[in-house]
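Tertiary structure, described
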Amino acid sequence: MSIHFATDEEVRELNLETRGKDAPTDILSFPSPFVEFAEPEALLPPEFPGMPKDIGDIVISVPYVERAIALDAADAAPEGGADLRVDEDRGVSGAMASIFDLRERLPLLCIHGLLHLLGHDHIDDDDYELMVEREEEVCEQYKALRT
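Residues numbered from 1 in each chain as written. Predicted model: local features only at pLDDT ≥ 70, side-chain atom pairs only at ≥ 80, totals over all residues. Heavy atoms only, no water.

Digging into the packing of helix α2 (residues 62–76) against helix α3 (residues 102–117)
Stated formally: Angles run from 0 to 180 degrees between N-to-C directions of axes, and those axes are lines fitted to C-alpha atoms, restricted for helices to the stretch in contact. Secondary structure elements follow DSSP: runs of H or I of four or more residues count as helices, runs of E of two or more count as strands, with numbering from the N terminus. When describing relative orientation, an angle under 35 degrees is termed roughly parallel and one over 145 degrees roughly antiparallel, while 65 to 115 degrees is termed roughly perpendicular and anything else oblique. Left-handed describes a crossing whose near helix is turned anticlockwise from the far helix by less than a right angle; the clockwise case is right-handed. Residues count as neighbours in contact if any of their non-hydrogen atoms are within 4.5 Å of one another.
Running from N to C, α2 and α3 point in directions that differ by 110°, and their axes come no closer than 11 Å. Overall, the two elements α2 and α3 adopt an arrangement that is roughly perpendicular. Classified by chirality, the crossing of α3 by α2 is right-handed. Along its contact with α2, which presents Val62, Val65, Glu66, Ala68, Ile69 and Asp72, the element α3 presents Leu102, Arg105, Leu106 and Leu109.

Now the structure itself:
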């Protein structure tokens, strides 16, 4: 797995090429074409034994994440800032919304991307609920390891 830190413009171009969305986003995940899952986190045997176990790539727009942190901090302020919110298509669980430090948020964002690489998605309601549950579980495990 690789993690790339990118600019808004780089992520916007990737988002347009791969998802047809002409806008930056916080994170994009690109699963390896050589890795398949029967279901999320249930890796199938490789088609070609001996192939590298690379599960894919994650690309994060750091400027986008910094803006998201500022918006989340404004939302959490006593006077609120929900009217500042422009992009509601920002991930799955609310676990990150209370993290206002870039260094603390990036690992949680990587967990989100990793879950995508492991076959999770949030396209329909059932998948969304499963991914939220798993993301929050893994984020809590990560936080427990840090304390």
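Topic: a negative patch on the surface
To keep it simple, the criterion reads: Patch definition: residues above 30% relative accessible area lacking any salt bridge, with like charges linked at up to 9 Å and the nonpolar side chains Val, Leu, Ile, Met, Phe, Trp and Tyr linked at up to 5 Å. Throughout, the Shrake-Rupley method with a 1.4 Å probe supplies accessible areas, and for residues the shown protein chains are the sole cover considered. Only one rule defines a salt bridge in this text: a Lys or Arg side-chain nitrogen within 4 Å of an Asp or Glu carboxyl oxygen. A residue counts as positive if it is Lys or Arg and as negative if it is Asp or Glu; His and the chain ends are not included. Here the site of a charge means atom NZ of a Lys, CZ of an Arg, CG of an Asp or CD of a Glu.
A contiguous patch of negative charge, built from Asp121, Asp124, Asp125, Asp126, Asp127, Glu129, Glu133 and Glu136, is present on the exposed surface. Among the structural elements, Glu136 can be located in helix α4 (residues 125–146).

Thoughts on the side chain of His120
To keep things clear, this is the line we draw: Whenever a nitrogen or oxygen atom comes within 3.5 Å of another N or O atom, the pair is scored as a polar contact, on the condition that within protein one atom can donate a hydrogen and the other can accept it, and that pairs from neighbouring residues in sequence are kept only if both atoms are in side chains.
In this fold, His120 is placed in the loop between α3 and α4. A polar contact is formed between the side chain of His120 and the side chain of Glu41, at a distance of 2.7 Å. Once you skip the residues sitting within four places of it in the chain, His120 turns out to touch Pro40, Glu41, Leu115, Leu130, Met131 and Arg134.

Observations concerning the pairing of strand β5 (residues 56–61)
Cut-off, in case you're wondering: Exposure categories follow from relative accessible area, calculated using a 1.4 Å probe and restricted to protein chains: below 20% of the type maximum is buried, above 50% is exposed, and the middle band is partly exposed. In this scheme, strands are said to pair when DSSP sees at least two bridges between them.
Summarising burial for β5: five of the six residues are buried, a large majority. Here strand β1 (residues 2–6) pairs with β5 via five bridges, running parallel. What sits directly across from His4, in β5, is Val59. Pairing of strand β2 (residues 27–31) with β5, which is carried by five bridges, proceeds in the antiparallel orientation. Pairing of Ile27 across the sheet is with Ile60, part of β5.

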